[in-house]
Structures are given as structure tokens and as C-alpha cells.
Amino acid sequence: MKHAAPLAVDLRSDTVTQPTEAMYACMRQAPLGDDGLEGDPTVSQLERQAADRFGKEAGLFVSSGTLGNLLAILAQTGRAGELLCEAQSHLYNSEKGGATFTGLFYRPIAGDGGAMRLDVLEEALFPAGGYKLKSALITVETSHNHAGGTVLPLDHLQGVQALAHRAGVPVHLDGARVFNAAVAMGRPVSDIAACVDSLSFCLSKGLSAPVGSVLLGSRAMIDRARALRRMLGGTMRQAGVLAAAGIEAMENMSARLIEDHRQAYRLAEGLRKISLGYLSNWPQTNIVQAEVGRDGCDAIAWVALLEEHGVKVRAIDRQRIRCVLHRHIDDDAVDRALKAFQAVHERLAG
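The rules we used
Residues numbered from 1 in each chain as written. Predicted model: local features only at pLDDT ≥ 70, side-chain atom pairs only at ≥ 80, totals over all residues. Heavy atoms only, no water. Phe/Tyr/Trp six-rings, centres within 6.5 Å; stacked < 30°, edge-to-face > 60°. Helix = DSSP H or I, 4+ residues; strand = E, 2+ residues; numbered from the N terminus. Buried < 20%, exposed > 50% of the residue type's maximum accessible area, 1.4 Å probe, protein only. Lys NZ or Arg CZ within 6 Å of the ring centre and 35° of its normal. Pairing = 2+ DSSP bridges. Contact = heavy atoms within 4.5 Å. Axes fitted to C-alpha atoms, helices over the stretch in contact; angles between N-to-C directions. Salt bridge = Lys/Arg side-chain N within 4 Å of Asp/Glu carboxyl O. Patch = residues over 30% accessible without salt bridge, like charges linked within 9 Å, V, L, I, M, F, W, Y side chains within 5 Å. Areas by Shrake-Rupley, 256 points an atom, 1.4 Å probe, with all protein chains shown as cover.

Undergrad: Explain the packing of aromatic side chains to me, and be specific about the residues and the numbers.
TA: Following the criterion strictly, the structure yields 6 aromatic pairs and no others. A centroid spacing of 4.8 Å and a plane angle of 20° characterise the contact between F54 and F201, whose relative ring orientation is stacked. Residue F54 is located in helix 2 (residues 41-54), and its partner F201 is located in strand 9 (residues 198-202); the two are separated by 147 residues in the primary sequence. Across the pair, F201 and F54 agree in class, each one buried. Taken together, the ring pairs in this structure connect F54, F179 and F201 into an aromatic cluster. For the cation-ring pair, K96 lies above Y92, with the distance from its terminal atom to the ring centre recorded as 4.4 Å. Residue placement shows R166 over the ring face of F126; its charged tip is 4.0 Å from the ring centre.

Undergrad: Quick rundown of the sheet that holds strand 11 (residues 287-291)? Include the residues and the values.
TA: Taken in spatial order, the 3 strands make up an open sheet running 11-14-13, and their pairing is antiparallel. Single-partner strands in this sheet number two, and they are strand 11 and strand 13 (314-315). Pairing between strand 13 and strand 14 (residues 320-324): 2 bridges, direction antiparallel. By the bridge assignment for strand 14, R314 is matched with R322. Here helix 12 (residues 257-274) sits on the sheet and contacts strand 11 and strand 14; the angle it forms with strand 11, its principal contact strand, is near 15°.

Undergrad: With reference to specific residues and values, describe the pattern of salt bridges.
TA: Opposite charge on two side chains permits them to pair, given that their charged atoms come into close proximity. Considering all chains together, one arrives at 20 salt bridges under this definition. We note a salt bridge from D35 to R229, for which the minimum N-O separation is 3.3 Å. With D35 in the loop between helix 1 (21-29) and helix 2 and R229 in helix 10 (residues 219-231), the pair connects residues that are 194 residues apart, well separated along the chain. R229 carries the same exposure label as D35, and that label is buried. A salt bridge links R187 to D191, with the shortest nitrogen-to-oxygen separation between them at 2.9 Å.

Undergrad: Any details on a nonpolar patch on the surface? Residues and values, ideally.
TA: A contiguous nonpolar surface patch, about 340 Å² in accessible area, is contributed by F101, M231 and L232. Position of M231 relative to the elements: it lies in helix 10.

Undergrad: Please provide a residue-by-residue account of the pairing of strand 11, values included.
TA: Burial analysis of strand 11 places 4 of its 5 residues in the buried class, the great majority of the element. As defined by bridge partners, strand 11 adjoins strand 14 across 5 bridges and the pair is classed as antiparallel. Looking at the pairing, V288 lines up with C323 of strand 14.

In C-alpha cells:
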């Protein structure tokens, strides 16, 4: 009898997570309405619970983190200003096409480990002289994707907040994986949210909901964002089917993220044993970066070689690949991934 091949170990992203049985049950039972007309009661419940959990006045359910970030920018700025963001941030490197809609100039601020240098930020906000555009918004990111899932310390966020308030500029948090950051810090997400004026977080990554993010902030800002969402075609109808899964994800899936962090540590330790050169930085959350270009085989080739061994990863650039741990990656999956890395390493060494 022929046995089925084992499923691939998919480390490309925590967005590949599937809903839990509890989420499916909530989706089947969710009260529904038209969110573009009188409102969907389950969507409204998600927005209220998210606002309460993060200590903000109001929330808005949106289809993606990218849309949440864009609405936060549009709702808090005018045109022809500067948006200040850390140079390696996801918003700058992957979402600055939003400038097409915002009319802002995205200005990268040099940083270390995902944390923008406060002296550079201060100079951008308060230049010594000359002509400059008005600073319109500051954005921060935690956990920081491109820096390998690093967590911004609270005192750093408070330092950004102090400079921003002195300049009269709001701060927005791209908190796609903010629950990972909070779990790593051992703090409630409200402690992080207290350092910013607005934030968006994803339900569809480690929390395992199928779709969606929530934008949070003041009631006035959320009212503006809701109107802008309609203008951009982002209003959904019986979205309570999705919001129900989001409620279950937010309320019952965050505590288990520590297990994803544990698996990241196991993977990192295994990569370090294979070769000291492969580990870019020790993971703080659920992202592991490996620097593979030094073997004379770039990251694109490594992706293809690992897939031959049943392991899926993503290339960050020509030198580095990214592995993201999530609910479907257990001890066995990490062991299989390490065997694949070992096999590719030996093949290249030979």
C-alpha cells in the first residue's frame, strides 16, 4: 500500500494558518446584518471588544492590515506632509505605494533592530533650519517583521510618543503582530497601545482567523476612517461571518503564541548547530531569519532547494530567508525543517 507523502512544512508566513473548530462554530452561529447599512451586530461586537482590550475609544473592522494602515494615515493627515517611519519597516518597504492615495512623502528614519533612532527622529521633527515639509504622522512597528520579529521596548515607544506630542504629530502603530510582542514582553496589549494614537492589528496571522484586521483609535478618527473605508470600496456586508472568527481569535488564541516563540527558539538553535553563519539574529518572537548567501548560493536558490525537501520558506532579499512559526508547526515539523536545512547545507558544502 502506497503511503501519502507528508504535508509540506510551511514556514512562509503565519498567514497560512487555518481557522480552529471553535472559529467555524462561531461563524455558523453569528448574528448577521448589513455592515454597510444598519450595521452587522457581530462586527460591532468585535470592534467594541477590540477597543476595550486595547484601551481605545473605538474600532473598525477592515479586510487587511494594509487597508487599516492606509485608513489610519488618511484619517489623521492632510496632503503634502511627511510620514516618518523606521527605514526597515513594513509600511515603508511594502506599503509606501499608499502615497498614491495619501499625497504624503514617506521619509525613512534610520533605526537599530527595528527601533528608529530617537536623535534622527528628533532632527526630522525639529530641523535646525531650512525648508521642509510639515511632519504629518509617525509610524512604528512591533513586532518588527523585517528585523526578525523584534519587539520595541516600552521606553522606546514612550520616547517616540514624547517627541511626537512635543511636535503635535500623532503616532500610528503597525501592530500586525502586536499580540506576539505583548506575549514576549509579558504585558497586556493595552500597555503598548497607550504609547500611540492609533494602531492596527491582524487577526489572520498567528491568531489564526481567516481574514481581517482591526483599526483602533479615537472615536472621531474611527468615524473618519469608516467614511474613507466606504470611499475606497472596503465596506463589507454580512461580515459578521468573518468577525465571529476574529472575536474567537482575539479572545482565545493570543496566550498560545508563546508556543510559536518556543518553536522559533528550537529552530534557531538547530540552525546555529548546523552553521553559526546561518542565524541572522536570535528570535524574540515567532520569526527566524537565516543568512544563507555566504554559501555561494543565494536566498532564491535556497528557497527552491528547501522546497525539494518539503519545506517552504520565503526570501527576504538575496542573502536572507525568513521562517515564520505558527500554530501548525509542532516539534516534528521543526525537526523536519532542520533536516532539510542540514541536507541543503551538506549538498552545498560538498
